[in-house]
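# Overview (structure and organization)
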Amino acid sequence: MALLKVKFNQKKRVKLAQGLWLMNWFSVFAGILVFSMGLFLKIELRKRSEVMDNSESHFVPNSLILMGILSCAFNGFAGKICYDSLDPAKFAKWKPLLKPYLALCFFFNILIFFIALICFLMRGSLESTLAQGLKNGMKFYRDTDTPGRCFMKKTIDMLQIEFKCCGNNGFKDWFEIQWISNRYLDFSSKEVKDRIKSNVDGRYLVDGVPFSCCNPSSPRPCIQYQVTNNSAHYSYDYQTEELNLWRRGCREALLHYYSSMMSSMGAVVLLVWLFEMSVMVGLRLLHTSLESITNPEDPECESEGWILENSLKDTLKSALENLKKIGKFNQVEADAEGAEGEEGGKTPAITTVS
């Protein structure tokens, strides 16, 4: 028994073809939207590539760009088929291509669904990428004279100002690295010498943060240095005072920014997938309804269209049987090749008569 069998007359076939033609062009615009989203996400990721550890995060935008291009190509081609299906003479040339095309559409829709899921599931990979990238970026904050790293201070400062964040996980991360360049340290000062000597690695560590960590909305002037020293500031308690520094770490801020963006894009791609599935189903119905016309010379005659010629269970069963046949055929060929090799390897016995 065929799956989703529908009866068609000439009028219904024409309406289906016209509706599918219109839907395919909507799908072309949806493909342009997916392509644009991928391009936008790629640009946004490249803006902050200095604070990302690797390029794994570009898998999503690259996939969206590719899916957008393929969607435009597939749906443009399907639109042409639907337009030509109104004329039996023009449709005849597409008949041999429709089955392979529908198979490609099926795998294409699986890819679209996979990309939509990836948009929702990339958070973990993105989090580790940002954590390591920000850690490395903060280490190079002081290297304003080193070629290839001189831009890092500006990058980190602009990042902290734009996203209202401080450090990797929080402002205390700055206490663990030397973020002040040696060129701005007075090595004749006893305080500087003592701080460097007190550290195993010979670094100048302070309980201070860069200016970009300061919250300009705070009514109190920014306490940027000696953050944990209560006696260094008037009417100040490090444990209870609401500090005028950004509390949130930049990893969390960037993760929230990119995750929400990818989730929104994933929802859009999921909607595009549902639309593409409906187009594929409609195209399959049109294809089978035109193929099942009993009298091609009578365009007014009725025909039947279906999604699967047999039930889903029977279709899966026949597909498995075909796969088994292919496997057995390959095994027979391999055995035949092995037997030929063994026969070729045998050397004829030679008897000598004395």
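Residues numbered from 1 in each chain as written. Predicted model: local features only at pLDDT ≥ 70, side-chain atom pairs only at ≥ 80, totals over all residues. Heavy atoms only, no water.

### Quick word on the pattern of salt bridges
As a reminder of what qualifies: Salt bridge, as used here: a side-chain nitrogen of Lys or Arg that lies within 4 Å of a carboxyl oxygen of Asp or Glu. Helix numbering and strand numbering both begin at the N terminus, where a helix is a DSSP run of H or I of at least 4 residues and a strand a DSSP run of E of at least 2. Only protein chains enter the accessibility calculation, which uses a 1.4 Å probe. A residue is then buried if its area is under 20% of the maximum for its type, exposed if over 50%, and partly exposed in between.
Counting across every chain of the model gives eight salt bridges. Between lysine 47 and glutamate 44 there is a salt bridge, with its nearest N and O atoms 2.9 Å apart. Of this pair, lysine 47 and glutamate 44 both sit in helix α1 (residues 10-47), separated by three residues, roughly a single helical turn. With relative accessibility at 5%, the residue glutamate 44 sits in the buried group. As a salt-bridge pair, glutamate 44 and arginine 48 come within 3.5 Å of each other at their nearest N and O atoms. The exposure class of arginine 48 is buried, given its relative accessible area of 7%. Through salt bridges with shared partners, one network takes in Glu44, Lys47, Arg48 and Glu162.

### Quick word on the UniProt feature "transmembrane region" (unreviewed entry) in the protein
We count it as follows: UniProt positions are given in the numbering used here, feature names are shortened, and annotations may be inferred rather than shown by experiment.
Mapped onto this numbering, the UniProt entry annotates "transmembrane region" (unreviewed entry) at residues 20-41, 101-122 and 255-275. Within residues 20-41, the helical portion is 100% and the strand portion 0%, while the C-alpha atoms at the span's ends are 31 Å from each other. Helix makes up 100% of residues 255-275 and strand 0%, whereas the separation of the span's terminal C-alpha atoms amounts to 30 Å.

### What to know about the confidence of the model for the protein
Stated formally: Known as pLDDT, the predictor's per-residue confidence is scaled from 0 to 100. Throughout, a residue-residue contact means that at least one pair of heavy atoms, one from each residue, lies within 4.5 Å.
Looking at the protein, pLDDT values average 82 and 80% of them are 70 or higher. Averaged pLDDT values over the elements of the protein bottom out at 60 in helix α9 (residues 312-345) and peak at 93 in helix α6 (residues 152-163). In the model, residues 349-354 has pLDDT below 50 throughout and makes zero contacts with residues more than four positions away in sequence or in other chains.

### Re unusual backbone geometry
We note that lysine 164 has phi near 55°; this positive angle belongs to a residue other than glycine. Considering the arrangement of structural elements, one finds lysine 164 in the loop between α6 and α7 (190-197). We note that glutamine 226 has phi near 50°; this positive angle belongs to a residue other than glycine. Overall, glutamine 226 belongs to the partly exposed group, its relative accessible area being 36%.

### Looking at the side chain of aspartate 143
Secondary-structure assignment places aspartate 143 in the loop between α5 (123-139) and α6. Excluding anything up to four places from it in sequence, aspartate 143 contacts Arg149 and Cys150.

### Some words on the state of the cysteines
Rules: Note on terminology: pairs of cysteine sulfur atoms within 2.5 Å are recorded as disulfides.
Summed over all chains, the structure comprises three disulfides. Across a sulfur-sulfur distance of 2.1 Å, cysteine 166 and cysteine 213 are joined as a disulfide pair. On the S-S bond that ties cysteine 166 to cysteine 213, the torsion sits near 85°, and the link is right-handed. You can see cysteine 166 sitting in the loop between α6 and α7 and its partner cysteine 213 sitting in the loop between α7 and α8 (250-291), a full 47 residues away along the chain. Of the two residues, cysteine 166 and cysteine 213, both sit in the buried class. Disulfide pairing places cysteine 214 opposite cysteine 222 at an S-S distance of 1.9 Å. Torsion about the S-S bond of the cysteine 214 and cysteine 222 cystine: about -75°, corresponding to left-handed handedness. The class for cysteine 214 is buried, based on a relative accessible area of 16%.

### Looking at α5
Our working rule: Multiplying 1.5 Å by the residue count of a helix minus one yields the expected span of that helix. The directions considered for the arc are those from the helix axis to the C-beta atoms.
For α5, which comprises 17 residues, the first-to-last C-alpha distance of 24 Å matches the rise-based estimate of 24 Å (1.5 Å per residue) to within 8%. Along α5, the residues that are buried comprise Leu126, Thr129, Leu130, Gly133, Leu134, Gly137 and Met138. The buried residues of α5 occupy an angular sector of 150° when the element is viewed end-on, so they sit on one face. Those residues of α5 that are buried lie in contact with α6 and α8.

### Remarks on the nonpolar core
This is how it is decided: In plain words, nonpolar cores are sets of buried Ala, Val, Leu, Ile, Met, Phe, Trp, Tyr and Cys residues tied together by side-chain atoms within 4.5 Å. Segment limits for the domains were obtained from an automatic or database-derived domain assignment.
Leu41, Val60, Leu64, Phe171, Trp174, Val209 and Leu254 are the most contacted members of the largest nonpolar core, which has 78 residues in total. Of all the secondary-structure elements, those providing two or more residues to this core are α1, α2 (59-84), α4 (95-121), α5, α6, α7 and α8. If you tally residues by element for this core, the top one is α8, at 15 residues. Three or more residues apiece are contributed to this core by two domains, here domain 1 (3-137 + 252-294) and domain 2 (171-247). Beyond its immediate sequence surroundings of up to four residues, leucine 41 is in contact with Val60, Pro61, Tyr258, Met261, Met262 and Met265.

### Some words on empty space enclosed by the protein
Where empty space is left becomes clear once a probe the size of a water molecule has been rolled over the atoms. Where we set the bar: Cavities and pockets are defined on a 1 Å grid built over the protein atoms alone: a cavity is a set of grid points where a 1.4 Å probe fits but cannot escape, while a pocket is an open set with protein on both sides within 12 Å along at least five of seven lines, and lining residues are those with an atom within 4 Å of any such point. Grid points are joined across faces, edges and corners, and a volume is the space filled by probe spheres set on the points. Each residue gets one label: Ala, Val, Leu, Ile, Met, Phe, Trp, Tyr, Cys and Pro are nonpolar, Asp, Glu, Lys and Arg are charged, and the others, such as Gly, are polar.
On inspection of all chains with the given rule, the structure shows two cavities of 30 Å³ or more. What the largest cavity holds in volume is close to 70 Å³. As for the largest cavity, its lining consists of Asn24, Phe74, Asn75, Ala78, Tyr101, Cys105, Phe108, Asn109, Glu276, Val279, Met280 and Leu283. When residues of the lining of the largest cavity are traced back to their parent elements, those giving at least two are α2, α4 and α8. The residue makeup of the lining of the largest cavity, split by class, is eight nonpolar, three polar and one charged. Its volume calculated, the second largest cavity comes out at about 30 Å³. Within the residue set of the lining of the second largest cavity, elements represented by two or more residues are α2 and α8. By residue class, the composition of the lining of the second largest cavity is five nonpolar, one polar and no charged.

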